[in-house]
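# A structural walkthrough
Listed below are the residues making up each chain.
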Amino acid sequence: MRNKSGQVWLHITACLIFLSLPFFFSPDGPYSLSDFFHDPRSWREIFRYLLLVAFFYFNYFVLVPHLFFPQKYVQYAAASVICFFVIALLPSVLIPQPVPPFPIERMNFRRRTQPNWIGFNIRFNIFPFLALLFFSLMLKITTRWRQTEKEKMATELSYLKAQVNPHFLFNTLNSIYALAIDKSDDAPTAVVKLSGMMRYVLTDATHDFVPLEKEISYITDFVELQQLRFGDSVPVHFTVNGSTAGQKIAPLVLIAFIENAFKYGVNAEEDMLIKIEIDIHDSQLQMKVFNRKVNLQHDTDTGSGLGIANTKNRLELLYPSKHELVISETDKQFKVFLILYLQ
């Protein structure tokens, strides 16, 4: 709301400055205010500048969206030409310039040398008209590009948020079922953690940014559910250091790297190790994820989770120039190092 109010005041200020140009750059100046407003030429110039301002917004809000963007270029050019002639000629028609008296012996000479006022007005107005036309056109194109990028990011983010890892969900429910059959005390805890994760994805993660502690809590529940699922067979070292108070983060930008570690680092017949370290210092978050690569005994769900590739794109959109991501991979291990400069 404050941003929109600032834009309105910016436009008002720019319009007032533009409308003051006839006073400061009058060829007959410098003027006093009283002389300026008593001269019909001044009113004609003010009227012309008002028409230029009106054309700027007419082009921005009407012509470009309804003719230029739909590729109706002939209609757009015709409408622009009509607007130009209205701006160039209408002020002189409605507020004609008074003709100064001339001696009789100079009247014939005056008629011969009187310039064509239509041609003069066209030449005089073409530069400011074209400048405003191209400026409003470029401004609208830039605004639409930004809006398109924002909508693209919002659409992608909504899609990613709606992606609950079916592979993870299926295995977690199976693990909870097994715990329930065994009447394990961990079954209620697992249900609570899973429901909390689902609630976070469906409600809290719909916002552009969320409190960092909620994102960390989501990751913690994910890791603990994986530990409930695999038990002690998978060595998992998970640590969080630093304070999350007052920090915010884009939701679900960390989980893909952690999912990937469990997805490609678990095989009961091999030596496994998964390390996850998250350090928060002031407004900087560092995350290190390490897993030993194992041979997968079954086809993994290639579409599961948010996906590292998609998360890279989200980081570029949400944190341009505010993150550093290094991914290193060998035949035996996979490492992720992420630095995130928080909001």
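Worth saying up front: this structure is predicted, and the values here are computed from it rather than measured.

Reading the values: the criteria
- Residues numbered from 1 in each chain as written.
- Predicted model: local features only at pLDDT ≥ 70, side-chain atom pairs only at ≥ 80, totals over all residues.
- Heavy atoms only, no water.
- Core = buried A, V, L, I, M, F, W, Y, C linked by side-chain atoms within 4.5 Å.
- Buried < 20%, exposed > 50% of the residue type's maximum accessible area, 1.4 Å probe, protein only.
- Helix = DSSP H or I, 4+ residues; strand = E, 2+ residues; numbered from the N terminus.
- Contact = heavy atoms within 4.5 Å.
- Axes fitted to C-alpha atoms, helices over the stretch in contact; angles between N-to-C directions.
- Parallel < 35°, antiparallel > 145°, perpendicular 65-115°, else oblique.
- Left-handed = near helix turned anticlockwise from the far one by under 90°.
- Nonpolar A, V, L, I, M, F, W, Y, C, P; charged D, E, K, R; others polar.
- Phe/Tyr/Trp six-rings, centres within 6.5 Å; stacked < 30°, edge-to-face > 60°.
- Expected span 1.5 Å × (residues − 1).
- Bend = angle between axes of the 7 residues up to and from the residue.
- Pairing = 2+ DSSP bridges.
- Patch = residues over 30% accessible without salt bridge, like charges linked within 9 Å, V, L, I, M, F, W, Y side chains within 5 Å.
- Areas by Shrake-Rupley, 256 points an atom, 1.4 Å probe, with all protein chains shown as cover.
- Salt bridge = Lys/Arg side-chain N within 4 Å of Asp/Glu carboxyl O.

### As for the nonpolar core
- Ranked by internal contacts, the top residues of the largest apolar core, which has 49 residues, are Ile249, Ile258, Phe262, Leu285 and Met287.
- Where this core is concerned, the elements lending two or more residues are α8 (166-181), α9 (186-202), α10 (212-230), α11 (255-264), β4 (274-281), β5 (284-292), α12 (308-318) and β7 (333-341).
- Among the elements that line this core, the one with the most residues is α10, at 8 residues.
- Excluding residues within four positions of it along the chain, leucine 285 makes contact with Leu212, Leu254, Ile278, Asp279, Ile280, Leu338, Ile339, Leu340 and Leu342.

### Focus: the packing of α11 against α12
- Packing of α11 against α12 brings their axes to within 9 Å, and their N-to-C directions diverge by 165°. Classified by the angle between their axes, α11 and α12 sit roughly antiparallel to one another. Crossing of α11 over α12 shows left-handed handedness. Contacts between α11 and α12 involve Ala256, Phe257 and Asn260 from the first element and Ile308, Thr311 and Leu315 from the second.
- Split by residue class, the contact of α11 with α12 holds 4 nonpolar, 2 polar and no charged.

### A look at the packing of aromatic side chains
- For the structure on display, the rule yields 14 aromatic pairs.
- Here tyrosine 57 and phenylalanine 61 contribute two aromatic rings whose centre-to-centre distance is 6.2 Å and whose plane-to-plane angle is 15°, an arrangement assigned as stacked. Within this pair, tyrosine 57 and its partner phenylalanine 61 are both found in helix α4 (residues 40-68), separated by 4 residues, close to a single helical turn.
- One aromatic cluster is present, formed by Phe56, Tyr57, Tyr60, Phe61 and Phe135 through successive ring pairs.

### Remarks on helix α5 (residues 73-94)
- Between its first and last C-alpha atoms α5 spans 31 Å; for 22 residues at 1.5 Å apiece the expected length is 32 Å, and the two agree.
- The principal kink in α5, of about 30°, is found at alanine 88, preceding the proline proline 91 by one to four residues.
- For α5, every residue scored as buried is listed here: Tyr76, Ala79, Ser80, Cys83, Phe84, Ile87, Ala88, Leu89, Pro91 and Ser92.

### Some details on the environment of leucine 296
- Topologically, leucine 296 is positioned in the loop between β5 and α12.
- Sequence spacing of leucine 296 and tyrosine 264 is 32 residues, and the spatial spacing of their C-alpha atoms is 7.2 Å.
- Beyond its immediate stretch of four places on either side in the chain, leucine 296 contacts Lys263, Tyr264 and Val266.

### With respect to the environment of arginine 44
- Relative to the elements of secondary structure, arginine 44 occurs in helix α4.
- A residue is classified by how much of its surface remains accessible, and arginine 44, at 10% relative accessible area, is buried.
- Each C-alpha atom of the pair arginine 44 and valine 93 lies 9.5 Å from the other, and the pair is 49 residues apart in sequence.

### Here's the deal with the pairing of β7
- Here 9 bridges tie β5 to β7, and the two strands are oriented antiparallel to one another. By the bridge assignment for β7, asparagine 291 is matched with phenylalanine 334.
- With 7 bridges connecting them, strand β6 (residues 323-329) and β7 associate as antiparallel partners. Looking at the pairing, glutamate 324 lines up with isoleucine 339 of β7.

### Side note on a nonpolar patch on the surface
- Nonpolar side chains collect at one region of the surface, where Val8, Trp9, Ile12 and Leu16 lie side by side and expose about 430 Å² of accessible area between them.
- Of note, isoleucine 12 is situated in helix α1 (residues 2-19).
- Taking relative accessible area as the criterion, isoleucine 12 reaches 38% and is therefore assigned partly exposed.

### Structural notes on the pattern of salt bridges
- Summed over the entire model, instances satisfying the criterion amount to 6 salt bridges.
- Note that glutamate 45 is salt-bridged to arginine 48, the shortest N-O span being 2.6 Å. With glutamate 45 and arginine 48 both in helix α4, this residue pair falls 3 residues apart, about one helical turn.
- Among the residues examined, arginine 48 registers a relative accessible area of 5% and is labelled buried.
- With its nearest N and O atoms 2.7 Å apart, the salt bridge here joins arginine 292 to aspartate 271. With a gap of 21 residues between them, arginine 292 in strand β5 and aspartate 271 in the loop between α11 and β4 connect regions that are remote in the sequence.
- For arginine 292, a relative accessible area of 28% puts it in the partly exposed group.

### Describing the sheet that holds β6
- Pairing is mixed across the open sheet formed by 5 strands, whose spatial order is β2-β4-β5-β7-β6. Where the open sheet ends on each side, the last strands, each with one partner, are β2 (236-241) and β6. Geometrically, the sheet is characterised by an average inter-axis angle of 5° between neighbouring strands, direction not taken into account.
- Both β4 and β5 contribute to a ladder of 8 bridges, which runs antiparallel. Following the sheet pairing, isoleucine 274 is matched in β5 by asparagine 291.
- Packed on one face of the sheet, α10 meets β2, β4 and β5 and runs near 165° to β2.

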